[in-house]
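Observations on the three-dimensional arrangement
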Amino acid sequence: MNKAVILGLALLLPTWGMRALADTSGAVEIHAIAEVEVKTKGPDGAEQIKREPAKKVPPGGAVIYTLRAENKGAKPADDVVVTDPIPEHMDYIDGSASSVGTRLTFSVDGGKTWAPKEKLQVRGKDGVTHTATAEELTHIRWQFEKPLAPGESRSVEFRARVE
Amino acid sequence: MLRHMQNRMAGALAIAVLILSTADVAMAVGTAAGVTVSNTATVNYSVNAVAQPAITGTADFVVDRRINLTLTAPVTYVTVTPGTAGNAIPFTLTNTSNAPLNFALAAANNATDPYGGVDNFDPTVNAVFVDGNANGTYQAGTDVATTVDTLAADASITVFIVSTIPGGQANNSIAAVTMTATAHETTANGGALVTQDAGADIALTMQTVFADGAGDTDAARDGAFSDSGAFRVQGANVSVVKTETVISDPINGAVNPKHIPGAIVQYQVTVTNAAASAVPATTISVTDVMPANVTFQPDTYGVGNGIDLGGVAQSNAADADQGTFAAGTVTVTIPSLAPAASAVITFRVAVN
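Computed from a predicted structure; not experimentally measured.

What counts and what doesn't
Starting afresh in each chain, residues are numbered from 1 along the sequence in its written order. Here every chain gets a letter starting at A, and every ligand a number starting at 1, in the order they are written. Only residues with pLDDT of 70 or above have their local features reported here, since the model is predicted, and side-chain atom pairs are shown and tallied only from 80 upward, although totals for entire chains, interfaces and linings are computed over all residues. In DSSP terms, a helix is any run of H or I states spanning at least four residues, a strand is any run of E spanning at least two, and both are numbered starting from the N terminus. Here exposure depends only on C-beta density: within 10 Å of a residue's C-beta, 20 or more other C-beta atoms make it buried, 12 or fewer make it exposed, and intermediate numbers make it partly exposed, the C-beta atoms being placed from the backbone. Here the contact rule is simple: place C-beta atoms from the backbone, and any two residues whose C-beta atoms are within 7 Å are in contact. In short, DSSP must find at least two bridges between two strands for them to pair. To obtain each axis, a line is fitted to C-alpha atoms, and for helices this fit is confined to the stretch in contact; angles are then taken between N-to-C directions over 0 to 180 degrees. Every residue is assigned a pLDDT by the predictor, reflecting its confidence on a scale from 0 to 100.

Re the overall build of chain A
When you go through chain A residue by residue, the secondary structure sums to one helix and twelve strands. Secondary structure elements in chain A, listed N-terminal to C-terminal, are α-β-β-β-β-β-β-β-β-β-β-β-β. Burial status across chain A gives 37% buried among its 163 residues. Across chain A, the fraction of contacts at a sequence separation of at least 24, relative to all contacts at a separation of at least 6, is 69%.

Notes on the overall build of chain B
In terms of helices and strands, chain B carries zero helices and 24 strands. The burial tally for chain B puts 36% of its 352 residues in the buried class. Taking contacts inside chain B between residues at least 6 apart in sequence as the whole, the part at least 24 apart equals 68%.

Some thoughts on the sheet that holds strand β12 (residues 156-164) of chain B
All names here are of chain B. In spatial order, the strands read β6-β8-β12-β10; together these four strands make up an open sheet with antiparallel pairing. What marks the edges here is a single partner per strand, and that holds for β6 (69-72) and β10 (125-130). For this sheet the average axis-to-axis angle between neighbouring strands, irrespective of direction, equals 25 degrees. Relative to β12, β10 runs antiparallel, the two sharing six bridges. Across the sheet, the residue bridging to Phe129 is Phe160, located in β12.

Quick notes on the environment of A:Asp78
Counting through the fold element by element, A:Asp78 comes out in strand β6 (residues 78-85). Residue classification places A:Asp78 among the partly exposed positions, given that 17 C-beta atoms sit within 10 Å. Between the C-alpha atom of A:Asp78 and that of A:Pro147, which follows or precedes it by 69 residues, the distance is 4.5 Å. When sequence neighbours within four positions are dropped, the list of residues in contact with A:Asp78 reads A:Pro147, B:Tyr45, B:Ser46 and B:Ala49.

Regarding the environment of B:Thr76
Tracing the chain through its elements places B:Thr76 in the loop between β6 and β7 (78-80). When the C-alpha positions of B:Thr76 and B:Tyr115 are compared, they lie 6.5 Å apart, and in sequence the two are 39 residues distant.

What about the confidence of the model for chain B?
All names here are of chain B. With 89% of its residues at a pLDDT of at least 70, chain B reaches an overall mean of 87. Confidence over residues 201-205 falls short of pLDDT 50; this stretch has seven contacts with residues more than four positions distant or in other chains. Reported confidence for the predicted complex is 0.76 by ipTM and 0.64 by pTM.

Comments concerning unusual backbone geometry
Residue and element names in this part refer to chain B. Positive phi, normally seen in glycine, also occurs at Asn48, with a value near 50 degrees. Residue placement: Asn48 occurs in the loop between β2 (36-47) and β3 (50-51). Using a count of 8 C-beta atoms within 10 Å as the deciding quantity, one classes Asn48 as exposed. In this structure, Asp154 is a non-glycine residue whose phi angle is positive, near 75 degrees. Along the chain, Asp154 falls in the loop between β11 (147-151) and β12. Residue classification places Asp154 among the partly exposed residues on the basis of 14 C-beta atoms within 10 Å.

Points about the environment of B:Val312
For B:Val312, the location among the structural elements is in strand β21 (residues 312-314). It is 9.5 Å that separates the C-alpha atoms of B:Val312 and B:Ile345, two residues lying 33 residues apart in sequence.

Some words on the sheet that holds strand β22 (residues 323-326) of chain B
All names here are of chain B. Pairing in this open sheet of three strands is antiparallel, and the strands run β18-β23-β22 from one edge to the other. Two strands lie at the open edges of the sheet, namely β18 (281-289) and β22, each paired on one side alone. Across the sheet, the mean angle separating the axes of adjacent strands is 15 degrees when strand polarity is ignored. The sheet contact formed by β22 and strand β23 (residues 329-337) spans four bridges and is antiparallel. Across the sheet, Phe325 pairs through a bridge with Val330, a residue of β23.

Brief notes about the confidence of the model for chain A
Residue and element names in this part refer to chain A. Overall, the prediction assigns chain A a mean pLDDT of 84, with 85% of residues at 70 or greater. Within chain A, strand β11 (residues 139-144) carries the highest mean pLDDT (97), whereas helix α1 (residues 2-12) carries the lowest (37). In the model, residues 1-18 has pLDDT below 50 throughout and makes 21 contacts with residues more than four positions away in sequence or in other chains.

Shown next, in the form of C-alpha cells:
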C-alpha cells in the first residue's frame, strides 16, 4: 500500500538524467548517490578535485557510489545489512569499498554466498581455481557492527568503473 | 517525502574536466553510449529483534559517448611508376568509440618518411576514397565515396590515399603522405563535426568526451587521428657512358696511333640499367650525332653495316634491325634492358 503511494510520487519527479530515489516505507531508509571526481580550477586558479553528481560518464570513467542508511524511526535498528549488486556495465574497483564499522563481504555467485574478497574462490574457464578478481564480483555487503540509533545516518561507499 | 530525492547541483566552476583513469587507453570500445547504469542497494534491518521489510534506494547515470579512433598505415612503401595516376596507399580506420560515427578523410603531403628514408618529392594529386567493396584494393570505379558513412562501434574499414606520381621522377624517390580521419555525427544525426562537451552538464543530452591519442600530425583528444605512409618510385635508372679509342692512323698504322687527320676512331656507347633498378627499362633510344670534323665509317661491320650492337652488325639503312645511320646521326633502339644489363653500341669514324 505504501509502495503504491511511492510509485505515484515517483511519477511526479522530473525525469533528469541523474535519478536517486529512496524507498520510504520503513523506519530505515537507504539513499544511493552516484558521483564522479572532477578536476576543476577554482576562482584563484588553483586546481581542485571535487565530487559532482554522475550524470553522463563515458566508458573508463570511475563512479563513486555512496549508500547512506538513515534511521527515521523512534527505535534502534539492529542487524543492519546493506547489500548492493554491482551494476551491470560496471566493474568494482579493487580495494575501494569502505569498511569502518562494518563487516565487509562480497559475493561472486549472485548473492548466494558471502566472504571477504580474498577468501572468494572462483573456478576459471581453464578449470583452475583462483581468488576472485574485482571484475568477477557480483555483490557487496556491509553488515553494520552496531545498531543504527533513531535519527542516525551511516554511509558506506565504493567505486566502480564503467566498462 | 520528496526531500529524499538527492539532487546536488554543481557550483559555478571555471573549467571542469572529468578525470578518467589512465587505463582508458588500453580499454576496448566499452559500454554503448546512452545506456542507463542503475544501482539499487537494499537495506535489511530489525527492530526489537523483529526483521523488517527490506528497503531499497537507487542511483542512475547514463553512459557518455567516448570518441576514439585509430588509423594504421602499411608497414612499408607502396612502389609506384613515374608518370602514373591511381596509386593507392591503404589505411585501416577503426572506430574505437562506444557509438557509431561518420568520419571525414583528408590527405596531405608530409616531409617525413615514416619508414626512415628521405622524403624528396610530392605527388601532383592526392585524393581520398573509401574501400566500397571491402576488398582492400583500390578500384577506381567502385571505391568512389570520400567519407566513411556510419561506421559501427569497434568496426574497421579500409580507406585510401590515391595519388598521381609525376613523370620523370627518379628511381627510389620517396613521397610521404598522411591520412587524417575526423569524427563526425552519423548521417542520420546530421553529419556535423563532433565536438567535445566541456563544462557543466546539460540535462537529457548525451555528452561527448574525446579519448583519442595523438597521431602523426594531430593532437591527442582532438576527435581526429592521423597516420602516414609513403610512395617509393621504382623506375629504372638508366646511364650512358661513351668512350673513344683511336684504332689506327695513316702514319703509325695500328701501333700507337694518334688522332691525326685520317685516323680511325672507335666510339663505344654503353647503356646500362642499374642493378638496383626494380624494373626493366623499355623502349630505349640512343642517338649519337656525329661531331664536326669526323666522317662516319659506313662499312665497319660489313658492307652497309656501320653499327655494332652487342656483337651484332646493324645496317645503316632504316630497316627492321635496331640500328640506323641517317643525316649524321647514329640511332639505336633497345626494346628492353633488364636491371644490371648493358647494351654496347660501337661504330667508327675517320678524323677529317
